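So you can see what is in the structure, the chains are spelled out below.
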Amino acid sequence: MIGFLIALVSGALMSIQGVFNTQVTKASGIWAASGFVQLTALGVCLAAWMVTERSNLLNVFRVEPKYMLLGGALGAFITYTVIKSMDLLGPAKAVMLIVVAQLAVAYIIELFGWFEVEKQPWEWRKAVGMLIAVIGIIIFKWK
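The present account deals with the structure reproduced in this document. Everything numeric here is computed off the predicted structure, so don't read it as measured data.

1. Some points on the packing of aromatic side chains
And then number 1: A complete count under the given rule lists 7 aromatic pairs for this structure.
And then number 2: Where Tyr 67 meets Phe 115, the ring centres are 6.1 Å apart and the plane angle is 65°; that geometry is what we call edge-to-face. Here Phe 115 lies in the loop between α4 (91-112) and α5 (124-141) and Tyr 67 lies in the loop between α2 (30-52) and α3 (71-89), a separation of 48 residues in the sequence.
And then number 3: Of the residues examined, Phe 115 reaches a relative accessible area of 43% and is grouped as partly exposed.
And then number 4: Between the aromatic rings of Phe 112 and Trp 114, the centroid separation amounts to 5.2 Å while the plane-to-plane angle is 20°, which identifies the pairing as stacked.
And then number 5: Three or more aromatic residues link up through ring pairs in this structure, and these residues are Tyr 67, Phe 112, Trp 114 and Phe 115.

Structure (structure tokens):
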């Protein structure tokens, strides 16, 4: 149950952050805004680390395979694409498309067992669920 609640909070925070970042972009530029977002995230993470863990920061380099360290670089492009999509489509449409893309890619990762994720079997109900989400976007967009 706690995982479900955390996921809901995550989705809400991502939507709010996207709106905030889009407004910051209008005042500065998309890469300046993205950089500021990443910088402030670093500050919050370091502060939280100092209060909670204090483990060796260099332990992140123990991860295998090493390409897993690219998550932060992906974060910069995630910030950029969220800002741009919200600016072009509006928050609701952008978030719906983002969520469906996340769901589809996550399911593909599970199906093929990519990136050290345990491989999962194909399930029709999951495919139908994604199709219903796509239909929901079409209905939402329909004028």
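On we go.
2. Things to note about α4
And then number 1: With 22 residues, α4 should reach 32 Å at 1.5 Å per residue; the first-to-last C-alpha distance of 31 Å fits that figure.
And then number 2: Of the surrounding elements, those touching the buried residues of α4 are α3 and α5.
And then number 3: At the exit of α4 stands Gly 113, carrying a positive phi of roughly 65°.

3. Regarding the packing of helix α1 (residues 2-28) against α3
And then number 1: Packing of α1 against α3 brings their axes to within 9 Å, and their N-to-C directions diverge by 80°. On the basis of the axis angle, α1 is roughly perpendicular to α3. Judged by residue contacts, Met 14, Ser 15, Gly 18, Val 19, Asn 21, Thr 22, Thr 25 and Lys 26 of α1 engage Thr 79, Val 82, Ile 83, Met 86 and Asp 87 from α3.

4. Here's the deal with the environment of Trp 49
And then number 1: The residue Trp 49 is located in helix α2 in this model.
And then number 2: On a C-alpha basis, the gap between Trp 49 and Gln 17 in space is 22 Å, while along the polypeptide they are 32 residues apart.
And then number 3: Beyond its immediate stretch of four places on either side in the chain, Trp 49 contacts Arg 54, Ser 55 and Leu 57.

5. Digging into the side chain of Thr 79
And then number 1: Of note, Thr 79 is situated in helix α3.
And then number 2: Since its relative accessible area comes to 9%, Thr 79 is described here as buried.
And then number 3: At 2.7 Å, the side chain of Thr 79 and the side chain of Gln 38 are in polar contact.
And then number 4: In contact with Thr 79, other than residues within four places in its own chain, are Asn 21, Ser 34, Val 37 and Gln 38.

6. Examining α1
And then number 1: Taking 1.5 Å per residue, 27 residues should reach 39 Å; α1 reaches 38 Å between its end C-alpha atoms and fits that length.
And then number 2: Considered for burial, the residues of α1 that qualify are Gly 18, Asn 21, Thr 22 and Thr 25.
And then number 3: Considering only its buried residues, α1 is in contact with α2 and α3.
And then number 4: Looking one or two places after α1, you find Gly 29, whose phi comes out positive at around 135°.

Rules used in this analysis
- Residues numbered from 1 in each chain as written.
- Predicted model: local features only at pLDDT ≥ 70, side-chain atom pairs only at ≥ 80, totals over all residues.
- Heavy atoms only, no water.
- Phe/Tyr/Trp six-rings, centres within 6.5 Å; stacked < 30°, edge-to-face > 60°.
- Helix = DSSP H or I, 4+ residues; strand = E, 2+ residues; numbered from the N terminus.
- Buried < 20%, exposed > 50% of the residue type's maximum accessible area, 1.4 Å probe, protein only.
- Expected span 1.5 Å × (residues − 1).
- Contact = heavy atoms within 4.5 Å.
- Axes fitted to C-alpha atoms, helices over the stretch in contact; angles between N-to-C directions.
- Parallel < 35°, antiparallel > 145°, perpendicular 65-115°, else oblique.
- Polar contact = N/O pair within 3.5 Å; in protein donor to acceptor, adjacent residues only side chain to side chain.

Read these as geometric descriptors, not functional statements.
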